[in-house]
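Survey of secondary and tertiary structure
The residues making up each chain are set out below.
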Amino acid sequence: MKRPHYPLALLVPASHRRVIHAASLTLLLLASLFTSLPGASPKTRVDFAASRVDALVNDAAKAGFSGVVLMAGSSHVLLEKSVGMADRDKSIPVEASMPWRWASVSKQVTAVIVAQLVAEGRLSLDKPVNAYLTAEEFPAKQAGAITIRQLLRHTAGQSKPVHADGSTAGEALPPFYRAKVAPGSVHASATRTICAGPARHPAGEKFEYNNCDYLVLGAVIEKVTGRTFAEVLAARITGPLKLRSVVLAGEQQPEAAIVKGYADASRAETPFNLPTFGASGALVGTPRDLLALDQALMGESLMTAEMKKQFWVGDPAIGYMGMGVWAFPAALKGCREPVELVERRGSIGGVQVRNVIAPKLLKALVIFTNRGDWDFGDIRQGKGFAYELLSAGFCP
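Below is a short write-up of the structure.

Scoring rules and cut-offs
- Residues numbered from 1 in each chain as written.
- Predicted model: local features only at pLDDT ≥ 70, side-chain atom pairs only at ≥ 80, totals over all residues.
- Heavy atoms only, no water.
- Pairing = 2+ DSSP bridges.
- Helix = DSSP H or I, 4+ residues; strand = E, 2+ residues; numbered from the N terminus.
- Salt bridge = Lys/Arg side-chain N within 4 Å of Asp/Glu carboxyl O.
- Buried < 20%, exposed > 50% of the residue type's maximum accessible area, 1.4 Å probe, protein only.

Right, let's talk about the sheet that holds strand S5 (residues 100-101) for a bit. Strand order across the open sheet formed by three strands is S5-S7-S6, with antiparallel pairing between neighbours. The open sheet has two edge strands with one neighbour each: S5 and strand S6 (247-248). Note: S5 against strand S7 (residues 283-285), two bridges, orientation antiparallel. Considered in S7, the bridge of Trp100 is made with Gly285.

Here you go:
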């Protein structure tokens, strides 16, 4: 005859079972507390990410990287690390509390403002620019063909292919980027001059990166709202989020207070006047405030889910460009499936920025460097500094 099987717990008297249960809960609590301590097992998610990312930044510093790396979840900072010099001549070290040029991350912010105006019905993505700017304000012949959507996606065919660092194909830095401008006048000046020349190609035909696209968007935003871009920025982004360091260059932040950029390990950058980049690249702020902006973008306080479905979709035919950002899947090391990323790159002179959000993972990575020649690699190709940081931090 087969002996009946009883669970072990039933073979222990009830009074003893209560003691064992209490002891088990105590052990579980102690284990939980131990793994959450800073020196706990590296198998814990946060500790593994921090230690691995920290090691990658240290290795990069030995190779010449100078800058800041920050990583965060939707409500907390996972890591903040600074290396190198903010000012070589004065031997001032880099700190995450220092203001930097945000360069073309400014375009991401401009696109957020456009998304808000679209959601409010004050802008239409598929209306032409001349529905908002007069022929005097934007005398370009293609003003009736270029749409807001095309400006956001760099498919407008604008007159000059002005790149993120201000240079143009086959020529030196245009005089426009060295001129002195009165606060609040850069967008009106750009749409009347540098951005109003003959079209490079028909609107919508192909992708071609161009600062003019966002200088024109800056003018449209000012026309629709009746306020300067700096005022709109304060009312819609920096004020509500309390991003006190973030301003449009030339409005409040003295140039001397901003982290200096360098062409490489030994050379200074080419001189330019940062305010002339306007809505395309003139924002200044701390890396910490950029991370706080990313955390807000993970929610819906700045962009609704509906707007993200339109703006955060990359088109493979134009290099996964969305509207104001690149959006693409990346096969990160350590993650079982490709991770959907929203990336914004920036570069002006000797400063480079990488701003990456993983919307589904609710994580963000911010990198600033004041080495203009620093190689970030290519995330989509699965190699380089940015790729390794994302893999370590997002896929521990």
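On to the pattern of salt bridges, then. Tallied over the full model, the rule gives 13 salt bridges. The salt bridge partner of Arg345 is Glu343, with a shortest N-O separation of 3.3 Å. The shortest N-O distance in the salt bridge between Arg371 and Asp373 comes to 2.7 Å. Under the relative-accessibility criterion, Asp373 is labelled partly exposed at 39%.

Okay, unusual backbone geometry next. For residues that are not glycine, phi is negative in most cases, and the peptide bond is trans in most cases. Its identity is not glycine, yet Ala103 carries a phi of approximately 50 degrees, on the positive side. Relative to the elements of secondary structure, Ala103 occurs in the loop between S5 and helix H3 (105-119). Judged by its relative accessible area of 0%, Ala103 is buried. Here His154, not a glycine, exhibits a phi torsion of approximately 60 degrees, which is positive. As for its position among the elements, His154 is in the loop between helix H4 (148-153) and helix H5 (186-192).

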